[in-house]
Amino acid sequence: MSSQSVLQKLEILADAAKYDASCASSGTAKRNSMGGKGIGSTEGMGICHAYAPDGRCISLLKILLTNHCVFDCHYCVNRKSSNVARARFTPQEVVDLTLAFYRRNYIEGLFLSSGIVKSSNHTMEQLVEVARILREEHDFRGYIHLKTIPEADPEIVHQAGLYADRVSINVELPTDSGLTRLAPDKSAAQIEGAMGKVKADLVEAKDARKRFRHAPRFAPAGQSTQMIVGADAATDSDIVGKASRLYDSFKLRRVYYSAFSPIPDASAVLPLKRPPLIREHRLYQSDWLMRFYGYKPSEVMQATEADGNLPLDIDPKLAWALKFREQFPVDVNRASKEQLLRVPGLGVKAVGKILASRRHRTLRLDDVARLTLSITKVRPFICTVDWWPVLLTDRADLRSLLAPKTEQLELFVA
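All residue numbers refer to positions counted from 1 along the written sequence of the respective chain. Owing to the predicted nature of the model, reporting of local features is limited to residues with pLDDT of at least 70; listing and counting of side-chain atom pairs is limited to 80 or more, with chain, interface and lining totals taken over all residues. In computing side-chain values, all of the structure's heavy atoms are included and hydrogens and water are not.

Numbering of helices and strands starts at the N terminus; helices are DSSP runs of H or I of at least 4 residues and strands are runs of E of at least 2. A count of helices and strands for the protein gives 15 helices and 9 strands. Expressed as a percentage of its 414 residues, the buried residues of the protein come to 52%. Values of accessible area rely on a 1.4 Å probe in the Shrake-Rupley scheme; residue burial ignores everything except the protein chains shown. Accessible surface, the protein as shown: approximately 20200 Å² in total, 53% of it carbon and sulfur. Only protein chains enter the accessibility calculation, which uses a 1.4 Å probe. A residue is then buried if its area is under 20% of the maximum for its type, exposed if over 50%, and partly exposed in between.

Shown next as structure tokens:
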């Protein structure tokens, strides 16, 4: 390993980091190097792309410090028993790469994770050292996301939050039984205990900022986590319930979902093939419903099929509406915001425009059509001054009418 060049290490460790999805950079503090002070910025347009809530694209150097690991998690390509090429950066090499990529305008920040080498404390100290050098020695003001290690000493994790914009701890699997079976070296109680400590640090730092102007920031972009989907027998109902509890208990910014991907020399306890990627997409949609549309976790679970999983052919919002047709149609000129947000095909922005427009005029179907991408999807669930769905809402074949049409892609298209 000592003979590897930095480029060879980068090739190995950037590829090893691709399985981690939790690298969005929304919610960070605004910093820049205007005025000749420092280097880097969390603002503007900028090797991984993350998106802020306002749509800004932020490019991140996404790598592992090392893919050596003393743990033997069955689902992890970097597990101790895996036969993969290994590499390891020093903290200074990661710093040099980050600065070199930034100066070439390739990136605006760093997402850094690692396998566990020597011990959890040693590895966590190395991750913190990268952030410390960037912040203190180079006055780097770009975005830094550190993946923390729940088994590490809480004080070291606290130091990570003082340098990083966001910290994250992966819960790995939706159920405790799945974690025990597939990651015997990890403990669900220890993971959640670490997340609880980060939450307490976030609350304390926020309170200190209110009382003391120059109190140090602690992970201003909060904490996030990630769950692997499809590696065990957990259903979408299990996953939605777990995500909801994590949001409520630890005030997470995001829960990310990563579809299980078969790995080389896989353990016999793992599935032979990955779940459909659309399942991951449906879980993100259900997450969106809970965060922005006012759905309770129990309501999202009501949208699942008999096997506990969300339907793959239609989105969760439409699935819920089809199961509770007695809630529809709603009158767009009189319905509350909460009722309008339940209408399939109407997003948060469209509902906002409807509420604003109806103050000045009575809305017709054509008016609603101009505010949505697909009026066909909306029509069965609304009524306007010139439209009433009559028996359309109750049609037995409504699902097949509204489900997206599947098309066979052509292999040779001009």
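So that's the structure; there's more coming.
Here we take up helix α3 (residues 120–137). Between its terminal C-alpha atoms α3 stretches 25 Å, which fits the 26 Å expected from 18 residues at 1.5 Å a residue. Along α3, the positions that sit buried rather than exposed are Ser120, His122, Thr123, Met124, Gln126, Leu127, Val128, Val130, Ala131, Ile133, Leu134 and Arg135. If you follow the buried residues of α3, they end up packed against α2 (91–103), β3 (109–113), β4 (143–147) and α4 (154–163). Multiplying one less than the number of residues by 1.5 Å gives the expected span of a helix. Contacts were defined at the residue level, with two residues in contact if any of their heavy atoms lie within 4.5 Å.

Another aspect to go through is the pairing of β4. With 5 of 5 residues buried, β4 lies mostly within the body of the structure. On β4, burial covers both faces: Tyr143, His145 and Lys147 on one face and Ile144 and Leu146 on the other are all buried. Inspection of the sheet shows β3 paired to β4 by 4 bridges, in the parallel sense. Across the sheet, the residue bridging to Gly109 is Tyr143, located in β4. The handedness rule is simple: strands pointing away from the viewer, and a clockwise path from the first strand over the helix to the second, make the crossover right-handed. At this point the chain moves from β3, through α3, to the parallel β4, and the crossover so formed is right-handed. A pair of strands is considered paired only if DSSP assigns at least 2 bridges between the two. One ladder, built from 3 bridges, connects β4 with strand β5 (residues 166–168); its direction is parallel. In the sheet register, Leu146 faces β5, and the bridge partner there is Val167. Assessed by its sense of winding, the connection that carries the chain from β4 through α4 to β5 is right-handed.

Let us now look at the packing of helix α6 (residues 188–211) against helix α7 (residues 236–250). Helix axes are fitted only over the stretch in contact, all axes being lines through C-alpha atoms; the angle between N-to-C directions runs from 0 to 180 degrees. Look at α6 against α7: their axes get within 10 Å of each other, and the N-to-C directions meet at 40°. Two secondary-structure elements touch here, α6 through Glu192, Met195, Gly196 and Lys199 and α7 through Lys242, Arg245, Leu246, Ser249 and Phe250. In terms of residue class, the contact of α6 with α7 is built from 3 nonpolar, 2 polar and 4 charged. Under this grouping Gly is polar, as are all residues other than the nonpolar Ala, Val, Leu, Ile, Met, Phe, Trp, Tyr, Cys and Pro and the charged Asp, Glu, Lys and Arg.

What follows deals with the confidence of the model for the protein. Mean pLDDT over the protein works out to 89, with 88% of the residues at or above the 70 mark. The secondary structure element of the protein with the lowest average pLDDT is strand β1 (residues 48–51), at 66, and the one with the highest is α3, at 98. Residue-level confidence of the predictor, termed pLDDT, takes values from 0 up to 100. This model gives residues 42–46 a pLDDT under 50, and the stretch forms 21 contacts once residues within four places in sequence are excluded.

Looking now at the environment of Val300. If you trace the backbone, Val300 turns up in helix α9 (residues 297–302). By relative accessible area, Val300 is classed as buried at 2%.

The subject of this paragraph is the packing of aromatic side chains. Any two rings among Phe, Tyr and Trp, with Trp reduced to its six-membered ring, count as a pair given centres within 6.5 Å; such a pair is stacked if its planes are under 30 degrees apart, edge-to-face if over 60, and tilted if neither. In this structure the tally under the stated criterion is 8 aromatic pairs. With 6.2 Å between their ring centres and 85° between their planes, Tyr102 and Phe140 make a pair best called edge-to-face. Highlighted residues: Tyr102 in helix α2 and Phe140 in the loop between α3 and β4, separated in sequence by 38 residues. With a centroid separation of 5.1 Å and an interplanar angle of 75°, the aromatic rings of Phe328 and Phe381 are classed as edge-to-face. Taken together, the residues Phe328 in the loop between α10 (316–323) and β8 (330–331) and Phe381 in the loop between α14 (375–378) and β9 (382–383) connect sequence positions 53 residues apart. Neither Phe328 nor Phe381 differs from the other in exposure class; each is buried. Taken together, the ring pairs connect Tyr295, Trp320, Phe324, Phe328 and Phe381 into an aromatic cluster. Two conditions define a charge located above a ring, namely a distance within 6 Å from the ring centre to NZ of Lys or CZ of Arg, and an angle within 35 degrees of the ring normal. The residue whose ring lies beneath Arg342 is Trp320, and the NZ or CZ to ring-centre distance is 5.0 Å.

Before going further, it helps to spend a moment on a nonpolar patch on the surface. Each patch is built from residues lacking any salt bridge and having more than 30% relative accessible area; the joining distance is 9 Å for like charges and 5 Å for nonpolar side chains (Val, Leu, Ile, Met, Phe, Trp, Tyr). By definition here, a salt bridge exists when the distance from a side-chain nitrogen of Lys or Arg to a carboxyl oxygen of Asp or Glu is within 4 Å. Taken together, the side chains of Trp288, Phe292 and Val348 present a nonpolar region at the surface, about 280 Å² in accessible area. Tracing the chain through its elements places Trp288 in helix α8 (residues 277–292). A residue is classified by how much of its surface remains accessible, and Trp288, at 41% relative accessible area, is partly exposed.

What follows concerns the nonpolar core. Throughout this description, the term nonpolar core refers to a set of buried Ala, Val, Leu, Ile, Met, Phe, Trp, Tyr and Cys residues connected via side-chain atoms within 4.5 Å. Tyr75, Leu112, Met124, Phe381 and Ile382 are the most contacted members of the largest nonpolar core, which totals 108 residues. Not counting residues within four places of it along the chain, the set of residues in contact with Phe381 comprises Leu318, Ala321, Leu322, Phe328, Pro329, Val330, Val343, Pro344, Leu398 and Leu402. Ranked by size, the runner-up nonpolar core spans 5 residues in total, among them Ile58, Leu60, Phe111 and Ala221.

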